[in-house]
Structure formats: C-alpha cells, structure tokens
Amino acid sequence: MPEAKWLAATTLYELNLPRNTKGQHRKWRLLAAAWCRRAVTLAVPDPRLIQLLQAAEGFADGTMDADELKQARKVLTAIRQEVGTDHFGPLEALSNAAKALDFATHSNPVKPLSANESCYFAFAALTRKSKKRKAWEQAIEAEQAVQLRLARCIFGNPFRPVPFPKKWRTESAVSLARTAYGTHNFALLPILADALEEAGCDHPDTLTHLRAPTAPHARGCWVVDLVLGKA
C-alpha cells in the first residue's frame, strides 16, 4: 500500500490498520475505547457504560487483568435485559453503545476494531437533526470521519516512523504527556509541543500533530506514546 493511498483514505478499511501484529493489540483496544468514549460521554452518559469504558482502557494498559475485566463485563447482561429486543426506540443509543463496549472489552484482541459501527450508530441516534434517512446518513458519515482521524492519531503514519531521542524526554515533557494520557486532557498537547521544541525536537510531523487545533486526540496518541516510551 503506497503512502499516497494511505493519506487519501476516507474509511477505516482503506486505512488498512495492522490486524495481525501482537504489539498493536493495546492500540486496537485504545482506539475502540476512544470511539466508545465519544458515544458514551457525548451521547449516552450512563454510569455503567463509563465504568466499562474505564475497564477497557485499564485492560489495554495492563492495570486490569482478565478476571477483573470479566467481572466488569457483567453489566452488559443487565443492559441487554433493560433494552430488550427493541433496538430502535428510546434506548437505541444505549443499546448500540453497550454493543460497542462489548467489542471493546472482548477477550479476543482483534474484536475491539469491530466497535466502530455500533459507536457511530449510537452517536447518530442522538445527533441526527431529524428522523429522515438523509439526516441519519449525514450523522453517520460525520462520526465515521472522526473515527478515521482518531485512528490516525493513535497509529500515526506508518510510512514515516519518527526517531525519538532520549534527550527529548525531559521532565517537563514526560510530566505533560503523563497528565494528558491519564486524564484525557488533550488541551495540554500544544504545551507538550512547546516542551519538546525546547528540548530540541524539530520534527514537523510531531509538532504539527500536537498543535493541530481541531484534531481529535485520544489515549494512545502516537506522539504521547513516544514521549512515554509506550510505542
């Protein structure tokens, strides 16, 4: 796959994310969690889903083991019983968000990438401007575009790996990256760019990514990972 085709990709399928690399399992799950976080915090702020979302991220980062994740997933049974078989009524968004988190917290490391469809269905259920099919399609297309940008944020450009000297990992840079990662406060990323620049970083892709004013960011961001030595 040439870089030009990768840059021009408009769908996750075209982006051709690596699915058979064990080292990418953490990023897959964090990407699914990033999609779910939008659906849960912006569309369906159900405390049960927020707890499951945190479990997905914790399992990805190794702060939660398989038994703890299995215990956290028990809430899905209660939600399924609550929603019943009516997936297109008032509980439509809840149903889809729960389904997405079912994928995001699945023990099979490949399953999380299947959360994308349920996430944009959940988001579209509450953000479409009318009940007309056109409004539904527009809401889905808008969320699909955000999902693609989040994938680029987490995986970066595979055609341009960035060498990251230890001298760039100053105390200030690491502290900012750790805070942004732990709290999802990505408003800190432009400040992180300043800290890296002061440390001698002159890599344009690195600094531009952190300073992009409208770009969505997520835990697992390729630059933050580099600073924290997670990449």
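Just above, that's the structure.
Calculation notes
Residues numbered from 1 in each chain as written. Predicted model: local features only at pLDDT ≥ 70, side-chain atom pairs only at ≥ 80, totals over all residues. Heavy atoms only, no water. Core = buried A, V, L, I, M, F, W, Y, C linked by side-chain atoms within 4.5 Å. Buried < 20%, exposed > 50% of the residue type's maximum accessible area, 1.4 Å probe, protein only. Helix = DSSP H or I, 4+ residues; strand = E, 2+ residues; numbered from the N terminus. Contact = heavy atoms within 4.5 Å. Salt bridge = Lys/Arg side-chain N within 4 Å of Asp/Glu carboxyl O. Arc of directions from axis to C-beta.

Caption draft 1: The arrangement of the nonpolar core in detail. Leu17, Leu31, Trp35, Cys36, Leu49 and Leu101 are the most contacted members of the largest nonpolar core, which has 46 residues in total. Of all the secondary structure elements, the ones that give two or more residues to this core are helix H2 (12-15), helix H3 (25-43), helix H4 (47-61), helix H6 (75-83), helix H7 (92-104), helix H8 (115-127) and helix H9 (133-155). Top contributing element to this core by residue count: H3, with 10 residues. Not counting the four nearest positions on each side in its chain, Leu101 is found in contact with Cys36, Val40, Leu49, Leu52, Leu53 and Arg73.

Caption draft 2: Expanded view of the pattern of salt bridges. According to the stated counting rule, one finds 15 salt bridges in the structure shown. Between Arg26 and Asp225 there is a salt bridge whose closest N-O contact spans 2.9 Å. Of this pair, Arg26 sits in helix H3 while Asp225 sits in helix H13 (residues 222-228), placing them 199 residues apart in sequence. Comparing Arg26 with Asp225 shows no difference in burial state: the two are buried. Look at the salt bridges and you will find they share partners, linking Arg26, Lys27, Arg37, Glu57, Asp61, Arg219 and Asp225 into a network.

Caption draft 3: Local environment of helix H11 (residues 189-198). Taken residue by residue, H11 has Leu189, Leu192, Ala193, Ala195 and Leu196 as its buried positions. Buried residues of H11, viewed axially, fall in a sector of 165°; they line one side. In this fold, the buried residues of H11 make contact with helix H10 (171-183), helix H12 (204-211) and H13.

Caption draft 4: Fine view of the environment of Phe164. Here Phe164 shows up in the loop between H9 and H10. For the pair Phe164 and His203, spaced 39 residues apart in the sequence, the C-alpha separation amounts to 9.4 Å. Once residues within four sequence positions are removed from consideration, Phe164 is found in contact with Arg169, Leu196, Leu226 and Val227.

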